[in-house]
Number of protein chains: 2
Amino acid sequence: MPRRTSLRGIDLAQIRTACSTCSLHELCLPAGLDATEMERVDQVVKLRRRTKRGDYLYRAGAELDSLFAVRSGFLKSCVVYEDGREQVTGFHMMGEVVGLDAISQERHTCDTIALEDSELCEIPFARLEELTREIASLQRHFHRIMSREIVRDHGVMLLLGSMRAEERLATFLINLSQRFASRGYSAHEFHLRMTREEIGSYLGLTLETVSRVFSRFQDDGLIEVNNRHIRIQDVARLRGLVGQPPHE
Amino acid sequence: MPRRTSLRGIDLAQIRTACSTCSLHELCLPAGLDATEMERVDQVVKLRRRTKRGDYLYRAGAELDSLFAVRSGFLKSCVVYEDGREQVTGFHMMGEVVGLDAISQERHTCDTIALEDSELCEIPFARLEELTREIASLQRHFHRIMSREIVRDHGVMLLLGSMRAEERLATFLINLSQRFASRGYSAHEFHLRMTREEIGSYLGLTLETVSRVFSRFQDDGLIEVNNRHIRIQDVARLRGLVGQPPHE
DNA sequence: CGCGCTGTTGAAACTTGTCAAAGTTTGTGG
DNA sequence: CCACAAACTTTGACAAGTTTCAACAGCGCG
C-alpha cells in the first residue's frame, strides 16, 4: 500500500478525476463518452469511501442516498428475515455496483458489509438519474447494470432451486474464477474472502456441507484447498460436475 | 367477455388510448402525469397483444424489442439450463411488467409463457428509454419497477436458500393472496393457474412434495384444496408457519 | 367417452442438516 | 513477540426432510 504523502488539495484532485482515469471504468461506465460527458460524470461521483473489514456500507432500512461502485476490496449483501435468519444474496468485487435494491422504496432492503478493507465510489442516486436523462449512453448502461443484476439473481434461483450441493459449489467456484479472470487475476488460484458459513448461506447449504464438499473435491483432485486459498486443478471436470445426476 | 363488434378504426382508437383509460395504470405508470405526457405514453405503448394458454410471449435468446405489461391473464417465466433443467423464476399477473432481464444483453434470457389466455401491452424498449429521458417521473417509475424485481428475487433467494417445504408453500400462498387482494380479488379464495410441477419448480421442490404439503395444510385446517382452487381458512396460522423450526 | 395430463399417496433411498468434538487459524492484549 | 481467546474449519455419527419410484385416481379436453 503506497503511503499517502500528498497535500490535501492534490489528493482531492486525484479523487475527483477518478472516473476518467479509473482503470475499471469500462465496468461502471459506457464506452464512448466524450470529454464533456466524462467531466460531468466525474462531478457526480463523489469522493471515494473507504470501509474496513466488518464495516457496514449500509443497513437494511436506511434511506437510499447513493449507489456504490466497488473500486477495490470485497463485500457481501444479505437480507435478514424477521426471525433472524440471514441469506447472503451476493458477493461484490471491483467494478460491480451495489445498492440497486434500494431504488424500489428509496430504502435499502439488505445489509452490505465489507469482507475486507474496501474502497468505493459513492454515486448520489438523484444526480445519477439526472445525468442518465441527459446522456443516453449512460442511461443505457445503467439499465444494463440493473438488468444484469436481475439475470444474475435468476441464475442463483436456478442454483438454489435445482442443484445439489456439489453442483452448487462447483458453480460457485467457476463463477468466482471467471470474475477474477476477467479482472486480470488468476482464474485457477485465488483467495476466498468469505467464511464457509457465508458461502453456505449464499448457496443454501450449511457450513458443514460446504466444508465436506470442499474436502471431497480435494480428494477427487478437482481443487486444492488450504483454508481460504483455493487452487483449481481440473476446471473441465469441475464444470462437468454441473448438470450431472446424483451419482454419475 | 364482451364480443368485439366494432369497426376496425374504432377498435384501434380504443386500443391506442389504452394507458390513459386503463384501470390498472397506477401499476404501470407513475401518478401525476399531465395530459401531454400521458398522450406521449399512449403513443409509445403499442397495440395490445393477445396470447392463448401455452403460447410463448418470447423465448430465451430472442432479441429484445419490447417489454410487456400484463393487462389480464397469467404467465410464467423460466430459465432453462443447458442440460434441460428448468427453473420457474416468476409468475406474472395483471399490472406487472415482464422482459426486464433482456435489457442486459438485448436478448431475452428466459422463456415467458401464458398459463391462461392473456392480454399484454407491448412497450417498445427503445422508445421507452427515449421517453424516460424526457419525463423524470416516468424514469423514476421505471427504475422502481426494475429495482422491485431485484428485491423480489432476493426474497425468492431467501425462500430457496433457507426455508423448509412448508414455509416455502405458506410463503407462496400468502404472496399470491396478497397480490390478488391488492388487485381487488378475494384474498382467501383463488384459483391457481399453474400445475403442481410449476409451483414446485418455482419453490425448488418436487411436485410430489408440493402435493403432500397441500394435503397436510388441508388436514391441519389451514386451507381447503380442491384441485387448483384454494381457500385459505386460517391466514394467521399460515403466516405463523413461516419462520418456525422443523417440528414446532 | 376415453386417453392423457394432472394430482395424490405410499414406501424406500438418499442427500443434507444437526449435534458434537477436536483441530486450526487469527486477532488481541499483555 | 508470545499467549490466550475467539472465531473458523474439519470430521464423524445420526436424524430428518425431501426426492425418487411406483401405482392409482380424477379431471378435462378432444
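As the structure is a prediction and not an experimental result, all values here were calculated from the model.

How each quantity is defined
Residues numbered from 1 in each chain as written. Chains lettered and ligands numbered in written order. Predicted model: local features only at pLDDT ≥ 70, side-chain atom pairs only at ≥ 80, totals over all residues. Heavy atoms only, no water. Least-squares fit on C-alpha atoms with pLDDT ≥ 70 in both. Contact = heavy atoms within 4.5 Å. Helix = DSSP H or I, 4+ residues; strand = E, 2+ residues; numbered from the N terminus. Buried < 20%, exposed > 50% of the residue type's maximum accessible area, 1.4 Å probe, protein only. Near = heavy atom within 4 Å. Polar contact = N/O pair within 3.5 Å; in protein donor to acceptor, adjacent residues only side chain to side chain. Nonpolar A, V, L, I, M, F, W, Y, C, P; charged D, E, K, R; others polar. Domains from an automatic or database assignment. Buried area = accessible area lost by both parts, 1.4 Å probe. Pairing = 2+ DSSP bridges. Axes fitted to C-alpha atoms, helices over the stretch in contact; angles between N-to-C directions. Phe/Tyr/Trp six-rings, centres within 6.5 Å; stacked < 30°, edge-to-face > 60°. Lys NZ or Arg CZ within 6 Å of the ring centre and 35° of its normal. Expected span 1.5 Å × (residues − 1).

Thoughts on the relation of the copies chain A and chain B
Argument step 1. Superposing chain A onto chain B takes a rotation of 180° combined with a translation of 0.0 Å along the rotation axis, leaving an RMSD of 0.0 Å. Accordingly, the operation relating the two chain copies is best matched by a two-fold axis. No C-alpha of chain A approaches the rotation axis more nearly than that of A:Arg133, which lies at 2.1 Å.
Argument step 2. Take the interface residues of chain A: 100% of them recur as interface residues in chain B, which is what a same-surface contact looks like.

A closer look at the environment of A:Cys19
Residue and element names in this part refer to chain A.
Argument step 1. Tracing the backbone through its elements, the reader meets Cys-19 in helix H2 (residues 18–21).
Argument step 2. The exposure class of Cys-19 is buried, given its relative accessible area of 11%.
Argument step 3. The spacing of Cys-19 and Val-45 is 26 residues in sequence and 7.8 Å in space, taken between C-alpha atoms.
Argument step 4. If sequence neighbours within four positions are ignored, Cys-19 has contacts with His-25, Leu-29, Met-38, Val-41, Asp-42 and Val-45.

Points about the protein's contact with DNA strand C
Argument step 1. By nearness alone, 21 residues border DNA strand C, and A:Arg53, A:Ala165, A:Thr209, A:Arg212 and B:Ser215 come closest of all.
Argument step 2. Counting only the atoms of DNA strand C within 4 Å of the protein, the fraction contributed by sugar and phosphate is 69%.
Argument step 3. Within the side chain of A:Glu208, an N or O atom sits 3.2 Å from a base nitrogen of DNA strand C.
Argument step 4. In the environment of DNA strand C, a base nitrogen lies 2.8 Å from a nitrogen or oxygen atom belonging to the side chain of B:Arg212.
Argument step 5. Elements supplying a minimum of two residues to the surface near DNA strand C: helix H9 (207–219) of chain A together with helix H9 (207–219) of chain B.
Argument step 6. Counting residues per element, the surface near DNA strand C draws most heavily on H9(B), which supplies five residues.
Argument step 7. Here the surface near DNA strand C is built from residues that sort into four nonpolar, nine polar and eight charged.

A look at the domain arrangement of chain A
All names here are of chain A.
Argument step 1. For chain A, the assigned domains are domain 1 (6–159) and domain 2 (164–240).
Argument step 2. The C-alpha centroid of domain 2 is placed 26 Å from the C-alpha centroid of domain 1.
Argument step 3. The partner domain 2 presents 15 residues to the 19 residues of domain 1 that form the contact.
Argument step 4. The three residues of domain 1 that bury the most area against domain 2 are Phe-91, Met-93 and Leu-159, which together make up 42% of that side's buried surface.
Argument step 5. Viewed at the interface, domain 2 and domain 1 are joined by ten residue pairs in polar contact (both at pLDDT 80 or more).
Argument step 6. For the side of domain 1 that touches domain 2, the elements supplying multiple residues, two or more each, are strand S3 (66–80), strand S4 (86–93), strand S6 (111–124) and helix H6 (136–162).
Argument step 7. Considering every element that reaches the side of domain 1 that touches domain 2, the biggest residue donor is S4, with eight residues.
Argument step 8. Residues that form the side of domain 1 that touches domain 2 fall into these classes: nine nonpolar, five polar and five charged.

Thoughts on the sheet that holds strand S8 (residues 223–226) of chain A
All names here are of chain A.
Argument step 1. Taken together, three strands build an open sheet; the order of strands is S7-S9-S8 and the sheet is antiparallel. Looking along the sheet, the strands with just one partner apiece sit at the ends: strand S7 (189–191) and S8. When the angles between neighbouring strand axes are averaged without regard to direction, this sheet yields 15°.
Argument step 2. Note: S8 against strand S9 (residues 229–232), four bridges, orientation antiparallel. Bridging across to S9, Glu-224 finds its partner in Arg-231.

Some remarks on the packing of aromatic side chains
Argument step 1. For the structure on display, the rule yields 16 aromatic pairs over all chains.
Argument step 2. Measuring from centroid to centroid gives 6.3 Å for B:Tyr58 and B:Phe68, while their planes differ by 25°, and the two rings are stacked. With B:Tyr58 in strand S2 (residues 56–58) and B:Phe68 in strand S3 (residues 66–80), the pair connects residues that are ten residues apart, well separated along the chain.
Argument step 3. Classification of B:Tyr58 as buried rests on a relative accessible area of 6%.
Argument step 4. One aromatic cluster in this structure is built from A:Phe74, A:Phe91, A:Phe172 and A:Tyr202.
Argument step 5. We note B:Arg59 situated over the ring of B:Tyr56; from NZ or CZ to the ring centre the distance is 3.6 Å.
Argument step 6. The ring of B:Tyr81 has B:Arg85 lying over it, and the distance from NZ or CZ to the ring centre is 5.8 Å.

Some points on the sheet that holds strand S8 (residues 223–226) of chain B
All names here are of chain B.
Argument step 1. Pairing is antiparallel in the open sheet, where three strands are placed in the order S7-S9-S8. Single-partner strands in this sheet number two, and they are strand S7 (189–191) and S8. Between one strand axis and the next, the sheet turns through 15° on average, direction left out of account.

A closer look at the environment of B:Tyr56
Residue and element names in this part refer to chain B.
Argument step 1. Assignment of secondary structure puts Tyr-56 in strand S2.
Argument step 2. According to the relative accessible area criterion, Tyr-56 is partly exposed, its value standing at 34%.
Argument step 3. Remark: the alpha-carbon pair of Tyr-56 and Leu-192, spanning 136 residues in sequence, is separated by 19 Å.
Argument step 4. The residues touching Tyr-56, leaving out its near neighbours within four places in the chain, are Arg-49, Asp-111, Thr-112 and Ile-113.

Digging into helix H7 (residues 165–181) of chain A
Residues and elements named next belong to chain A.
Argument step 1. Under the 1.5 Å per step criterion, the end-to-end length of H7 is 24 Å for 17 residues, consistent within 8% with the ideal 24 Å.
Argument step 2. Burial within H7 is extensive, with twelve of its 17 residues counted as buried.
Argument step 3. By the burial criterion, the buried members of H7 are Glu-166, Glu-167, Arg-168, Leu-169, Ala-170, Phe-172, Leu-173, Ile-174, Leu-176, Ser-177, Arg-179 and Phe-180.

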